[in-house]
Structure formats: structure tokens, C-alpha cells
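# Reading the structure
One-letter residues, chain by chain:
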Amino acid sequence: MANVENQLLQVTQAIEKQVDATIEQIDNLDINDLEQLRKNRMKELRKHEEEKREWLKNDHGKYEELPEEKCFFDIIKKSENIVLHFYVNSSERCQIVDKHLKILAPKHIEARFAKLNAEKCPFLAEKLKIKVIPTIVLIHNTILVDKIIGFSEIGNRDDFSTEVLEWRIAQNGIIKYEGDLSVVPDQQIQKKSRGYGKKIRDSAYNRNDDDLDIEEDGLRGDNLKSEILSLPAQSNEPTAEELAELEALD
């Protein structure tokens, strides 16, 4: 018991020393130091306001559908962080994702939230290996950093909370998160290692991922560049510049 008390006393004394040192440092600040601190703070605030204006100019703060496949290449040039939902109209689970992303978009204007109809963008769906619907693709600085495939990582249930999806999206820094990333909100699901690939049972989009095996696999396709170059030329395919942007994801 005495050892515990001694340890507590030592910890308390160490904290008191840190507090005293901080107070002393503040007391020793002269008017020039205080003015510099004020200037630094104002500089940070101005920078943040400029970022907010730029984000809003680039359609951050709202959740909208991209009208065509080529718009993908436009947004990855303008936005540092992107949350992109691949959906199909026949999936009820995609409607559930829509509901949550509509809430998160105005809360996290640091990221661009959007969605694409997977059936209308076959080129992107193939290259980003979209096989389960819904899939949320997370992109940072034109690099695909993560995928949220179906509902398997957010409890495998339809009634998960917006907070759980927010927590999952934040795992790779795509959005700012004020909570503890190591703890699932409300403990709705148990934390587990994430699997990024999947075993494909057929060539069509799976409408539900309940019975799918998720296997550990890289997000980026093998030999993506050679696959792109081998595709037959089609009028609705991205331009050479857009292909280069897509290759940056590999």
C-alpha cells in the first residue's frame, strides 16, 4: 500500500512541476512574445478560413451524385480528401448509406462527399475493383487509401449509427475525428482487422455482402497501368490525361 501511495505522490509531484514550469514560462513572456503569439494565432485562423472557402467553392459540405464518370477525374484534382459512394438504384443498403453521408457531408467540409452509379461507370468500377454494393471509396491526394465494402465492417447490420460510419471513414484521416479512433462509438461493433478484397462469386454486382468472404488484399489492382493500356478504345473512355490521374491511384 505504501508503494502505491509513493507512486501516486511521485506522479502528483511531476505534474505539479510541469504546471509550475508552464506558469513560469507564461509569466516570463514579454509584450513582444504575446504579440507574436497573437499574430501566429491570427495567421492560423486566416489559413483555416481560406481552406473553408476553398472547400465550399469545390462543393464540399454537401452530398451529391456525380452526373458522369469523367467528373471523378475533376474532383480528385480539386479535393484533397474524397468520400465516394458507389451505388445501384436497386440496393436498399445504398439508400441507408445515402442517409448517413447526407448527415456527415455538412459536418465534415474538409472532405468532398459524392456518389456514382456503379452501373453507369463501368470503367471506374472495373479499375477500382467495385464488386460489392454499396462500396465507399476513400481517396487522399489522388491515392485510394481505403474501401468500406458493404456493411461487414460496420456491424453487418442495417441499423448502424451515423457515428459508427463516421468513425470508420476517419480511420485513415480522410475526415477529422474528435473521438478515440481505437474505440467504436457506442460499442455497436467489435473492433477487428479490416479486409479490403473479396472473393468474387459472379461477375454481377452483389446486392448484399452478408454471405461474402472478405480476404486481406491490396486496394490497388495489380499491373493497373498495363490493364488500362490494353483496353479497347471507346468514345466514352477517359482521356489520356484522365488515365494518368487514375494511374496515380495505383
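Residues numbered from 1 in each chain as written. Predicted model: local features only at pLDDT ≥ 70, side-chain atom pairs only at ≥ 80, totals over all residues. Heavy atoms only, no water.

## Some remarks on a nonpolar patch on the surface
Just so we agree on the cut-off: To count toward a patch, a residue needs a relative accessible area over 30% and no salt bridge; like charges are then connected within 9 Å, while nonpolar side chains (Val, Leu, Ile, Met, Phe, Trp, Tyr) are connected within 5 Å. All accessible-area figures derive from a Shrake-Rupley calculation using a 1.4 Å probe, and residue coverage is judged against the displayed protein chains alone. Here a salt bridge means any side-chain nitrogen of Lys or Arg lying within 4 Å of a carboxyl oxygen belonging to Asp or Glu. Per the convention used, a helix needs a DSSP run of H or I reaching at least four residues, while a strand needs a run of E reaching at least two, with both numbered from the N terminus. Throughout, exposure labels follow a simple rule: accessible area from a 1.4 Å probe, protein chains only, divided by the maximum for the residue type, with under 20% read as buried, over 50% as exposed, and the rest as partly exposed.
Together, Val11, Ile15 and Val19 give the surface a local cluster of nonpolar side chains, amounting to about 250 Å² of exposed area. Note on placement: Ile15 falls in helix α1 (residues 2-27). On the accessibility criterion, Ile15 (47% relative accessible area) is partly exposed.

## A closer look at the sheet that holds strand β3 (residues 112-117)
What counts here: We call two strands paired when DSSP finds no fewer than two bridges between them. Note on geometry: axes are lines fitted to C-alpha atoms, helical ones only across the stretch in contact, with angles between N-to-C directions running from 0 to 180 degrees. Contact between two residues is taken to exist if any of their heavy atoms lie within 4.5 Å; hydrogens are not considered.
Reading across from one edge, β1-β3-β2-β4-β5 is the order of the five strands in this open sheet, with mixed pairing throughout. Here the strands that pair on one side only, and so sit at the sheet edges, are β1 (63-65) and β5 (143-149). Here the strands of the sheet are splayed against their neighbours by 25° on average, with no regard to which way each runs. Here six bridges tie strand β4 (residues 135-140) to β5, and the two strands are oriented antiparallel to one another. Bridge assignment links Ile139 to a residue of β5, and that residue is Leu144. Sitting on the sheet, helix α3 (residues 71-78) touches β2 (81-87), β3 and β4, and the angle it makes with β2 is about 160°. Strands β1, β2, β3 and β4 of the sheet are contacted by helix α4 (residues 92-107), whose axis makes an angle of about 160° with β2.

## So, the pattern of salt bridges
The tally for this structure, following the rule as stated, stands at ten salt bridges. Salt-bridge contacts for Asp59 lead to Lys62; the nearest nitrogen and oxygen are separated by 3.3 Å. Judged by its relative accessible area of 35%, Lys62 falls in the partly exposed class. A salt bridge links Glu153 to Arg168; the nearest nitrogen and oxygen atoms lie 2.9 Å apart. Separated by 15 residues along the polypeptide, Glu153 in the loop between β5 and α6 (162-169) and Arg168 in helix α6 bring together distant segments of the chain. The exposure class of Arg168 is buried, given its relative accessible area of 1%. Taken together, the shared-partner salt bridges connect Asp59, Lys62 and Glu64 into one network.

## What about the nonpolar core?
Defined as follows: The term nonpolar core refers to a set of buried residues drawn from Ala, Val, Leu, Ile, Met, Phe, Trp, Tyr and Cys, joined through side-chain atoms within 4.5 Å.
Phe72, Leu84, Phe86, Leu116 and Leu124 are the most contacted members of the largest nonpolar core, which totals 24 residues. Where this core is concerned, the elements lending two or more residues are α3, β2, β3, α5 (122-127) and β4. Of all the elements, α3 adds the most residues to this core, at five residues. In terms of nonpolar packing, the next biggest core, distinct from the first, is built from 23 residues, Val83, Leu101, Ile148 and Ile175 among them.

Such coordinate-based values are descriptive only and should not be taken to indicate function.
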